[in-house]
Amino acid sequence: METEIYKRNIATSIKKRVVELRARGKKTSKDELISLAAIGRTLDPPVSRVTVYQVINGNSESRRVKEAVERELGQVYWVRKNAA
């Protein structure tokens, strides 16, 4: 089980990375200026920005949203657990 501090650190790190990339003019794979909402729209079917926020804040669990965040931001944020 992840601690609240760990979850908060991940969320803060992601939000800082989004601000940094947005300031540099980075775009998502769908050619939109990077934001958490734009990351949600890269998925098929798309998800809302609220869903993306819930996942990065640790209040919800979604493997595909986590993968989209990591893909669009170019960094790994979550530890993968192999199912045996």
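Scope of this entry: the structure provided in the associated data block. Given the structure is predicted, the values throughout are model-derived calculations rather than measurements. (Residues numbered from 1 in each chain as written. Predicted model: local features only at pLDDT ≥ 70, side-chain atom pairs only at ≥ 80, totals over all residues. Heavy atoms only, no water.)

## Topic: the packing of helix α3 (residues 49-56) against helix α4 (residues 63-73)
Part 1 of the reasoning: In contact at an axis separation of 10 Å, α3 and α4 are set at 90 degrees when each is read in the N-to-C sense. Between α3 and α4, the angle is such that the two are roughly perpendicular. Across the interface between the two elements, T51, V52, V55 and I56 from α3 touch V65, K66 and V69 from α4. (Axes fitted to C-alpha atoms, helices over the stretch in contact; angles between N-to-C directions. Helix = DSSP H or I, 4+ residues; strand = E, 2+ residues; numbered from the N terminus. Parallel < 35°, antiparallel > 145°, perpendicular 65-115°, else oblique. Contact = heavy atoms within 4.5 Å.)

## Observations concerning the packing of aromatic side chains
Part 1 of the reasoning: Summed over all chains, the structure comprises 1 aromatic pair.
Part 2 of the reasoning: Ring geometry for Y77 versus W78: centroids 6.1 Å apart, planes at 70 degrees, classification edge-to-face. Here Y77 and W78 have matching classes, each one buried. (Phe/Tyr/Trp six-rings, centres within 6.5 Å; stacked < 30°, edge-to-face > 60°. Buried < 20%, exposed > 50% of the residue type's maximum accessible area, 1.4 Å probe, protein only.)

## Some thoughts on helix α1 (residues 4-23)
Owing to its 3.6 residues per turn, the α-helix aligns residues three or four sequence positions apart on the same side.
Part 1 of the reasoning: Here α1 is 20 residues long and its end C-alpha atoms lie 29 Å apart, about the 28 Å a rise of 1.5 Å per residue gives.
Part 2 of the reasoning: Taken together, the buried positions of α1 are K7, I10, A11, I14, R17, V18 and L21. Seen along its axis, α1 keeps its buried residues to an arc of 125 degrees; they face one direction. Pointing more than 90 degrees away from the buried face of α1 are the exposed residues E4, I5, R8, K16, V19 and A23. (Expected span 1.5 Å × (residues − 1). Arc of directions from axis to C-beta.)

## Some thoughts on the pattern of salt bridges
Part 1 of the reasoning: Taken as a whole and assessed by the stated rule, the structure comprises 7 salt bridges.
Part 2 of the reasoning: Measuring nitrogen to oxygen at the nearest pair gives 2.6 Å for the salt bridge that ties E32 to R41.
Part 3 of the reasoning: Taking the relative accessible area as the measure of exposure, E32 reaches 26% and is therefore partly exposed.
Part 4 of the reasoning: We note a salt bridge from R71 to E72, for which the minimum N-O separation is 3.4 Å. (Salt bridge = Lys/Arg side-chain N within 4 Å of Asp/Glu carboxyl O.)

## What to know about the nonpolar core
Part 1 of the reasoning: Core analysis: the biggest nonpolar cluster contains 18 residues, and I14, V69 and L73 have the highest contact counts within it.
Part 2 of the reasoning: Secondary-structure elements contributing two or more residues to this core are α1, α2 (36-41), α3 and α4.
Part 3 of the reasoning: When neighbours within four sequence positions are excluded, I14 is seen to be in contact with L36, I56, V69, L73, Y77 and W78. (Core = buried A, V, L, I, M, F, W, Y, C linked by side-chain atoms within 4.5 Å.)

## Thoughts on unusual backbone geometry
Part 1 of the reasoning: Note that the residue after D44, namely P45, is joined by a cis bond; omega there is 0 degrees.
Part 2 of the reasoning: Summarising the element assignment, P45 is placed in the loop between α2 and α3.

All quantities given are derived from atomic positions and should not be read as evidence of function.
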